[in-house]
Every structure is written in structure tokens, then in C-alpha cells.
Amino acid sequence: MDTLETRELRYFMAVAEELHFGRAAERLGMAQPPLTRAIQQLERRLGVALLTRNRRGVSLTGAGEILVHEGRAALDATAAAARRTRRAGGADRPGATRDRLVLAVKAGASHELLHKLLDAYAAEPGAAEVEVLPSGTCEQAGMLRDGRADVALMHAPFNSLAGFDSEELMTEGQIAILPAGHPLAARTSLSVAEAGAIPGLPLARWARNGTFPPGPGPEIHDQTQLAQLIALGRTAAVFPESARSWLWAEHAAVPLSDAPPVVTHIAWPAHSRSLALAGLVRTATRL
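Residues numbered from 1 in each chain as written. Predicted model: local features only at pLDDT ≥ 70, side-chain atom pairs only at ≥ 80, totals over all residues. Heavy atoms only, no water.

**Quick notes on the overall build of the protein chain**
So, step 1. When helices and strands are counted, the protein chain shows nine helices and twelve strands.
So, step 2. Overall, the C-alpha framework of the protein chain stretches about 65 × 50 × 30 Å when taken along its three principal axes.
So, step 3. Evaluated residue by residue, the protein chain yields a buried proportion of 40% over its 287 residues.
So, step 4. Partitioning the intrachain contacts of the protein chain with sequence separation of at least 6 by distance along the chain shows that 65% fall at a separation of at least 24.
So, step 5. Accessible surface for the protein chain amounts to roughly 15100 Å². Of this, 53% is attributable to carbon and sulfur atoms. (Helix = DSSP H or I, 4+ residues; strand = E, 2+ residues; numbered from the N terminus. Buried < 20%, exposed > 50% of the residue type's maximum accessible area, 1.4 Å probe, protein only. Contact = heavy atoms within 4.5 Å. Areas by Shrake-Rupley, 256 points an atom, 1.4 Å probe, with all protein chains shown as cover.)

In C-alpha cells, the structure reads:
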């Protein structure tokens, strides 16, 4: 049989990520013996060994590694289908008058463009309600894949557009955002290398794929936290030029002379058939 149940995939993914049946069972809220039996039954049905078990613990076979990759995508697709279906069904509930779209955006980026897009779309007949969901530096792709978002503003070269449909909206340069009183704030430009190695002013770190990249800079969770830490002289950040619109008086923006241009795209899942989403994309490409 070539079909897999969602429950089986969840069980296997837990074991594959923990590489320990006991921890996986605890994470799933079940006893270990039925989990072990479920994995053994899955291996028999597929006709391959997914895990190698020995005294040192559990490891993935080549087939198991393939199922981890494919299984994660399948579970994301299932979760996305459920989330988008609930959102689409919201318009049918008592008191609901229109569809709802969730738009994922990088916190602090494309501020002026976002204002124009939301205002222009809201003026369209039959426009859906748009919920704006700020996210970290590279989280938008994951949010589209697992259904937390229907559409996103994404920025090349930082975001990968692989697997999505997209339209290019704008191209801009990059700036370093520094405390206004810092000696380098008076410079007319900085290089990327200079911006990344300012003594006593390490670059802020946004979460990527649920974890923070290594480095001495503070871990940033939202734009307000970032703005305050820059104003206090604790960190610096690199953003597209459009981030100037949200800067405080305590901030300074210095252009980066050798940074690649940032191209903002509106992106959405390639399989989407949402009329509300199509309307939002049309509005975006007209701006």
C-alpha cells in the first residue's frame, strides 16, 4: 500500500527528530510500546527500514531521511489546508461579512509600500479583510507553506521564492541603522564589512527557522525591541532603504555602498485558487 496516514507521519517525525523512542513518546503524550509498534508496522507496510536501532541509540537510514524530508512537506501541506479552509469558512459564519487573508511581512520592511497596498486594496469592491502578520527575517516562506499566511511580502536575495508564484513590486538599496550619536552615523556611506564589524555595536539577530543564528548581537523578537536597543546603543541592524519610514529621532540611517539591491516581491502558494488573493495581487502590481 502506497498511502500514509497523517498519524503515522507524526509518529515517525517525532522519533526522527528526537532519535529516541522514549523522548518521542513523551512528546506525543503516549506510551513507548505502542509508538514502537506503530513504527514497525509502518516499516512493514513500506517494505523498508526507516531507522537503525543499536546500543548507541536510533539513527535514520537513507530511506528514513527521504521520509523525513517528504513527511515534513506533507504535514505542512495538511496543516496549511486545514488553516486556509478554516479561514475561508469564516465568511460563512453568523456575523461574518467577507473573506480574510493573512499577509506575512518582515517586521520593519516595506513600510510605505505596505501602507499604500492596504489602503488601495481596502478601496476595492468586495475586498477581503487583511490581517498583517509581522515575522522575522526569513520566516515568510515557512508561514506560506504551513498555512499561517496566504500571501507574503518577500525580499530577494534574503528570501527564497522557490515553490511560490510571485510578482516583483520594487527594488531599493540597503542601509545600516545606527544610534544617532554613534561616530559612524555621520558617514555618507558604509561598506557591508564595516557595518558588520562596528566595535561595541554587534548586528541584531532575528530568528531563522525557529532558531537564532550565532553571533554576539542580541536576539530580536519584534521591531519595537529592535528600535529601542538601537536607540540605547546596544545593537545595529541592516534593512532595505524603505525602513527609514519607521526610524526614531534616536536613529541614523547610513547607506551601504556595496550591498546588493533588495527586490520586494508579493508571493503566494502556486496552487492557490483564492479570488480574494488574486484581487490583492492585482492591486499590488498596479502600485
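Still more to cover.
**With respect to the packing of aromatic side chains**
So, step 1. For the structure shown, the criterion picks out one aromatic pair.
So, step 2. The lysine or arginine in question, Lys106, covers the ring of Phe158, its NZ or CZ lying 5.6 Å from the ring centre. (Phe/Tyr/Trp six-rings, centres within 6.5 Å; stacked < 30°, edge-to-face > 60°. Lys NZ or Arg CZ within 6 Å of the ring centre and 35° of its normal.)

**Some words on unusual backbone geometry**
What is expected of a backbone is that most residues other than glycine have negative phi and most peptide bonds are trans.
So, step 1. Following Ala156, the chain continues into Pro157 via a peptide bond in cis, with omega recorded as 15°.
So, step 2. Considering the arrangement of structural elements, one finds Pro157 in the loop between β5 (151-156) and β6 (164-172).
So, step 3. Its identity is not glycine, yet Leu19 carries a phi of approximately 50°, on the positive side.
So, step 4. Positionally, Leu19 belongs in the loop between α1 (6-18) and α2 (21-28).
So, step 5. Take Leu19: its relative accessible area is 35%, and that puts it in the partly exposed class.

**Brief notes about the pairing of strand β7 (residues 174-179)**
Side-chain positions along a regular strand alternate between the two faces of the sheet.
So, step 1. For β7, the tally of buried residues reaches six of six residues, placing the bulk of the element in the interior.
So, step 2. In this structure, β7 lies alongside strand β10 (residues 237-240), joined through four bridges in antiparallel fashion. The residue of β10 that forms the bridge with Ile175 is Phe239.
So, step 3. Of the strand pairs in this sheet, β7 and strand β11 (residues 251-255) are connected by five bridges, and their pairing is antiparallel. Bridge pairing in β11 links Leu178 to Ala252. (Pairing = 2+ DSSP bridges.)

**Things to note about helix α9 (residues 275-286)**
Given 3.6 residues per helical turn, the α-helix brings residues three or four places apart onto the same face.
So, step 1. Look at α9: 17 Å from first C-alpha to last across twelve residues, which is about the 16 Å you get at 1.5 Å a residue.
So, step 2. Turning to α9, its buried residues number three or more, namely Ala276, Leu277, Gly279, Leu280, Val281, Thr283 and Ala284.
So, step 3. Close packing links the buried residues of α9 with β3 (100-106), α5 (111-122), β5, β6 and β12 (262-269).
So, step 4. At the N-terminal end of α9, a side-chain oxygen is found 3.4 Å from the backbone nitrogen of Ala276, two or three residues along, and the residue is Ser274. (Expected span 1.5 Å × (residues − 1). Polar contact = N/O pair within 3.5 Å; in protein donor to acceptor, adjacent residues only side chain to side chain.)

**Some remarks on α2**
So, step 1. Among the residues making up α2, those that are buried are Phe21, Ala24 and Ala25. Looking straight down α2, one finds that the buried residues subtend no more than 100° of arc, so they occupy a single side.
So, step 2. In the core, the buried residues of α2 are packed alongside α1, α3 (32-46), β1 (51-54) and β2 (57-60).
So, step 3. In the stretch just after α2, Gly29 is the one whose phi turns positive, near 75°. (Arc of directions from axis to C-beta.)

**A closer look at the environment of Cys138**
So, step 1. Residue placement: Cys138 occurs in the loop between β4 (129-135) and α6 (140-145).
So, step 2. On the basis of relative accessibility, which here comes to 22%, the residue Cys138 falls in the partly exposed class.
So, step 3. Sequence-wise, Cys138 and Val105 are 33 residues apart; in three dimensions their C-alpha atoms are separated by 9.9 Å.

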